[in-house]
Amino acid sequence: MSNVIERMRRGDLITHTDPDYPLLWQEFEKTRELIAELNGKYHTPDEITSLLSQIWGQELVDVRMFPPFYTAFGKNTRVGRGVFINFGCTFLDQGGITIEDGVFIAPDVKILTEGHPEEPTLRRTLVTKPVHVGRNVWIGAGATILPGVSIGQNAIIAAGAVVSKDVAANMIVGGVPARELREIHRAEVDSAASCSKQE
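Numbering of residues starts from 1 in every chain and runs along the sequence as written. Local features in a predicted model are, by the rule used here, given only for residues with pLDDT of at least 70; side-chain atom pairs are given and counted only at 80 or more, and totals for whole chains, interfaces and linings are based on all residues. Water and hydrogen atoms were dropped before computing side-chain values, which therefore reflect all heavy atoms in the structure.

### Here we look at the packing of aromatic side chains
For step 1, the next point in the chain: Pairs were defined over the aromatic rings of Phe, Tyr and Trp, the Trp ring being its six-membered one, requiring ring centres within 6.5 Å. Orientation was assigned from the angle between planes: stacked under 30 degrees, edge-to-face over 60, tilted for the rest. Counted according to the given criterion, the structure contains seven aromatic pairs.
For step 2, the next point in the chain: Taking 5.8 Å as the distance between ring centres and 85° as the angle between the ring planes, the aromatic pair formed by Trp 56 and Phe 69 counts as edge-to-face. On the criterion of sequence distance, the pair formed by Trp 56 in helix H3 (residues 45-56) and Phe 69 in strand S2 (residues 69-71) is long-range, its members being 13 residues apart.
For step 3, the next point in the chain: Relative accessibility decides the category of a residue: with a 1.4 Å probe and only protein chains considered, values under 20% of the type maximum give buried, values over 50% give exposed, and everything between is partly exposed. Phe 69 sits in the buried class, given a relative accessible area of 0%.
For step 4, the next point in the chain: Taking 6.5 Å as the distance between ring centres and 10° as the angle between the ring planes, the aromatic pair formed by Trp 56 and Phe 91 counts as stacked. Strands here are runs of E lasting at least two residues and helices are runs of H or I lasting at least four, both read from the DSSP assignment and numbered beginning at the N terminus.

### Thoughts on the pattern of salt bridges
Charged atoms that come close allow side chains of opposite charge to pair.
For step 1, the next point in the chain: In the sections that follow, a salt bridge refers to a side-chain nitrogen of Lys or Arg positioned within 4 Å of a carboxyl oxygen of Asp or Glu. The tally for this structure, following the rule as stated, stands at five salt bridges.
For step 2, the next point in the chain: For the salt bridge of Lys 75 with Glu 27, the shortest nitrogen-to-oxygen distance reads 4.0 Å. Within this pair, whereas Lys 75 is found in the loop between S2 and strand S3 (77-79), its partner Glu 27 is found in helix H2 (residues 21-40), the two being separated by 48 residues in sequence.
For step 3, the next point in the chain: On the basis of relative accessible area, Glu 27 is assigned to the buried category, the value being 13%.
For step 4, the next point in the chain: Two residues, Asp 101 and Arg 135, come together in a salt bridge whose shortest N-O distance is 3.0 Å. Taken together, the positions of Asp 101 in the loop between strand S6 (97-99) and strand S7 (104-105) and Arg 135 in the loop between strand S11 (131-133) and strand S12 (138-139) put the pair 34 residues apart, joining distant regions of the chain.
For step 5, the next point in the chain: Judged by its relative accessible area of 23%, Asp 101 is partly exposed.
For step 6, the next point in the chain: Using a relative accessible area of 27% as the deciding quantity, one classes Arg 135 as partly exposed.
For step 7, the next point in the chain: One salt-bridge network, held together by shared partners, links Glu 27, Lys 30 and Lys 75.

Written out as structure tokens, the structure reads:
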């Protein structure tokens, strides 16, 4: 299993005829069962944390989520301390998703690391690129983060934005495709840094 995961993290092409592909489907089925449990009924915050720890395969510290939440794999997501994820988010993480400390993710955000080649004969091949979300980033409602994007610390992604390129630290971006709107005022950045140190 570790071999095919590492290959995905490197961005290798994984076809449906790959000899390790059945191992991926076993993991998908385990994750689907956990997601069904997470979304199927009310859970206490501690129960949500426990289910997320199983889905993501890591111990979580001060991570809060309002289900429902959707993912097909989960094992390539890494989440830092003090992260909040609101209702209805989708993470396609076979390429690897890293979310650093203090990130806020609004409702219906999609973080995508997976795609397919343009060539029709290769369309069933999976192409993956990692997404990295820096400390204290705020991703607005309905935003979509596309494969290969890195978002610098403190940045703000406006609601509904489609982010296809890297975002610099302390920058506000918005639109389809997302473009730079302005830099966050220095006082706002200093305040965010101060809050992060206190956590």
